[in-house]
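The lines below spell out each chain.
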Amino acid sequence: MLNVMPTVAVGAMGGTIAMEHSTPTGASTPALQAHDLVDAVPGLGDIVKLRVENICNKPSPSIDVADVVQALNFARRAVATGAVGVVLTHGTDTLEETAYLLDLLWDEAAPIVMTGAMRSATAAGAEGPANLLAAVMTAVSPRAGGLGVLTCLNDTVHLASRVQKTSSMAVEAFDSPGFGPVGRLVESEFRLLWGVVSPRPEALPAPRVGPVNVALLECGLGDDGRLVRAARDAGFEGIVISGLGVGHVSVAVADAISDAIEAGVIVVVGSRTARGGTAMNLYGYPGSEVDLLRRGAVMAGDLSPRKARLLLHTMLSAGHSPEAIRARFALG
Ligand code: ASP
């Protein structure tokens, strides 16, 4: 029990945590509002003062930049009016992307903690209420301050910049490959597992509302570069390549990347592997990271290609130069 009741703002954005199904084996669809979610956690109002709002109620594959900006504004208003932390409930499918995009834009010490559920509210063993409680307990913890945006599911807390949905089915759906979780809930208390030493990069302005103007393309065996050329011709301002190994592509893709860069498209190359990220100086053959850097590509480092897409979109939207984009990606 906390001595003084802190205020936590809970914004609901949809997802399985807010879905129901009518028969035990039926398909889930959106149903619950923010107040239903907090009402499902017994006694929550006895330990924190709650401010509750519906931001949207969408399955997370349909969350867009406008929804994320709305969540950002909700969080800013909440902290400006005394909330010590903000909790957002969200679908798990794009949770890592909304978390990361918010993390790029968030300049407050108070944490934003995102949660969701793998089982719908009417499923046997629904874990949504436990996840919401754990997220609230993380949001009120002074140890979570300054960590930016966090995700909290299954009593496990991850940094937005590192977290990935690594299982499409399991309740333990999230991990930070190569890094591990940053914290855990122990007896309802947030415990940091390791200290975060690198300072958070300066917050960026919110991107344009509308489609993300960066194509994300995964390379594979036998790739002839047609998709890179198609993305360039379709008018994308940026292309993120989910590359092989430490950031490699075939010679044909490398040539298509050169053409795209010459046409003014910013190309970022990440790794399609789960951990390890990209290199800068390991291999020198055509299509390797050294060759791609020489052609003018930017390496994504530890950022997953899907997060690199959001960083590139946000920086392009703010009118940053290719040099500034390269420097920001070097921060990880
Ligand atoms: N499967 C998803 C979830 O767990 C659905 C969504 O992302 O909205 O929430």
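In what follows, the accompanying structure is described. (Residues numbered from 1 in each chain as written. Predicted model: local features only at pLDDT ≥ 70, side-chain atom pairs only at ≥ 80, totals over all residues. Heavy atoms only, no water.)

A few points about the site of the ligand
Where we set the bar: If a single non-hydrogen atom of a residue is within 4 Å of a molecule or strand, that residue counts as near it. Polar contacts, as counted here, are pairs of nitrogen or oxygen atoms within 3.5 Å of one another; within protein the pair requires one atom able to donate a hydrogen and one able to accept it, and residues that are adjacent in sequence qualify only if both atoms are side-chain atoms. The Shrake-Rupley method, run with a 1.4 Å probe, gives the accessible areas here. Residue values count only the displayed protein chains as cover.
Taken together, Gly15, Thr16, Pro59, Ser60, Pro61, Gly91, Thr92, Asp93 and Ala117 make up all the residues around the ligand. Within the contact set of the ligand, an oxygen atom lies 2.8 Å away from a backbone nitrogen or oxygen of Thr16. Here an oxygen atom of the ligand and a side-chain polar atom of Ser60 are 2.5 Å apart. For the ligand, the protein covers 86% of the area, taking 260 Å² as the surface of the free molecule.

Some details on the nonpolar core
As a reminder, the rule being used: What we call a nonpolar core is a set of buried Ala, Val, Leu, Ile, Met, Phe, Trp, Tyr and Cys residues that are connected through their side-chain atoms within 4.5 Å. Partly exposed residues are those whose accessible area sits between 20% and 50% of the maximum for their type, while under 20% is buried and over 50% is exposed, using a 1.4 Å probe and protein chains only. Counting from the N terminus, the helices are the DSSP runs of H or I reaching at least four residues and the strands are the DSSP runs of E reaching at least two. Residues count as neighbours in contact if any of their non-hydrogen atoms are within 4.5 Å of one another.
Membership of the largest hydrophobic core comes to 52 residues, with the highest contact counts inside it found for Leu88, Leu312 and Phe329. Sort the elements by how many residues they give to this core and helix 3 (residues 65-80) lands first, with nine residues. Beyond its immediate chain neighbours, meaning those up to four positions away, Phe329 contacts Val268, Val298, Met299, Ala300, Leu303, Ala308, Leu311 and Leu312. If you look at the next biggest cluster of nonpolar residues, it comprises 32 residues, including Leu44, Ala139, Ala144 and Leu147.

Re helix 10 (residues 322-330)
Given 3.6 residues per turn, any residue in an α-helix points the same way as the ones three and four places further on. So the rule is basically this: As used here, the arc is the angular range of directions from the helix axis to the C-beta atoms.
Within helix 10, burial applies to Ile325, Arg328 and Phe329. One side of helix 10 carries all its buried residues, which in axial view fall inside an arc of 100°. Opposite its buried face, helix 10 presents the exposed residues Glu323 and Ala330, each directed more than 90 degrees away. Tucked into the core, helix 10 has its buried residues touching helix 4 (95-105), strand 15 (266-271), strand 16 (298-299) and helix 9 (305-317). Downstream of helix 10 by a residue or two, Gly332 has a phi angle that is positive, lying close to 85°.

Description of the pairing of strand 15
Our working rule: In this scheme, strands are said to pair when DSSP sees at least two bridges between them. Seen with its strands pointing away from the viewer, a crossover is right-handed when the path leading from the first strand over the helix to the second is clockwise.
Among the six residues in strand 15, six count as buried, and that is most of the element. What you see with strand 15 is no split at all: Ile266, Val268 and Gly270 on one side and Val267, Val269 and Ser271 on the other are buried throughout. Bridging between strand 14 (residues 238-243) and strand 15 involves six bridges; their strand directions are parallel. Bridge pairing in strand 15 places Ile241 opposite Val269. Pairing analysis gives two bridges linking strand 15 to strand 16, with the strands arranged parallel. Across the sheet, Val268 pairs through a bridge with Val298, a residue of strand 16. Handedness of the crossover joining strand 15 and strand 16 through helix 8 (residues 289-295) is recorded here as right-handed.

Looking at the packing of helix 4 against helix 9
Defined as follows: Angles run from 0 to 180 degrees between N-to-C directions of axes, and those axes are lines fitted to C-alpha atoms, restricted for helices to the stretch in contact. Here a crossing is taken to be left-handed if its near helix is turned anticlockwise relative to the far helix by less than a right angle, and right-handed if that turn runs clockwise.
Axis separation between helix 4 and helix 9 bottoms out at 10 Å; the angle between their running directions is 35°. Where helix 4 crosses over helix 9, the handedness of that crossing is right-handed. Contacts from Glu96, Glu97, Tyr100, Leu101, Leu104 and Leu105 in helix 4 reach Arg306, Lys307, Arg309, Leu310, Leu311 and Thr314 in helix 9.

A closer look at the packing of aromatic side chains
The following threshold applies: Note on aromatic contacts: the rings of Phe and Tyr and the six-membered ring of Trp form a pair at centre separations within 6.5 Å, being stacked when their planes are under 30 degrees apart, edge-to-face when over 60 apart, and tilted otherwise. A ring is scored as having a charge over it whenever the NZ atom of a lysine or the CZ atom of an arginine sits within 6 Å of its centre and within 35 degrees of its normal.
On inspection of all chains with the given rule, the structure shows one aromatic pair. Its guanidinium or amino end placed over the ring of Phe179, Arg162 lies 4.5 Å from that ring's centre, counting from NZ or CZ.

Points about the sheet that holds strand 15
As summarised here, the arrangement of the four strands in space is 13-14-15-16, forming an open sheet in which the pairing is parallel. Looking at strand neighbours, the two that pair on one side only are strand 13 (214-218) and strand 16, the edges of this open sheet. The strands that helix 9 touches are strand 13, strand 14 and strand 15; relative to strand 14, the one it contacts most, it runs at about 165°.

Here's the deal with the side chain of Arg328
As a reminder, the rule being used: Note on charges: Lys and Arg go in the positive column, Asp and Glu in the negative column, and His and the chain ends are not counted at all. Salt bridges are defined by distance alone: a side-chain nitrogen of Lys or Arg within 4 Å of a carboxyl oxygen of Asp or Glu.
You can see Arg328 is positioned in helix 10. Within the buried set, Arg328 has no salt-bridge partner at all; the shortest N-O distance to an opposite charge, 6.7 Å, is to Asp103.

Topic: the packing of helix 6 (residues 226-233) against helix 7 (residues 251-262)
Counted only if it meets this: Here is the rule for angles: anything less than 35 degrees is roughly parallel, anything more than 145 is roughly antiparallel, 65 through 115 is roughly perpendicular, and the remaining ranges are oblique.
Their axes nearest at 8 Å, the elements helix 6 and helix 7 cross at an angle of 15°. Comparing the axis directions of helix 6 and helix 7 gives the class roughly parallel. Where helix 6 crosses over helix 7, the handedness of that crossing is right-handed. In this structure, helix 6 contributes Val228, Arg229 and Arg232 to the contact, and helix 7 contributes Ala252, Val253, Asp255, Ala256, Ile257, Asp259 and Ala260.

Focus: the side chain of Thr138
Residue placement: Thr138 occurs in helix 5 (residues 128-139). Take Thr138: its relative accessible area is 0%, and that puts it in the buried class. Here Thr138 is in contact with Pro111, Val113, Ala144, Leu150, Cys152, Val157, Leu185 and Phe190, once residues within four sequence places are set aside.

A few points about the sheet that holds strand 8 (residues 156-159)
With mixed pairing, eight strands are arranged side by side in an open sheet as 4-1-5-6-7-8-11-12. Sheet topology places strand 4 (49-58) and strand 12 (189-192) at the edges, where each strand pairs with a single neighbour. The mean angle between the axes of side-by-side strands here comes to 25°, regardless of whether they run parallel or antiparallel. As paired strands, strand 7 (residues 149-153) and strand 8 are joined by four bridges and run antiparallel to one another. Of the residues in strand 8, the one forming a bridge with Leu153 is Thr156.

Interpretation in functional terms is not warranted from these geometric data alone.
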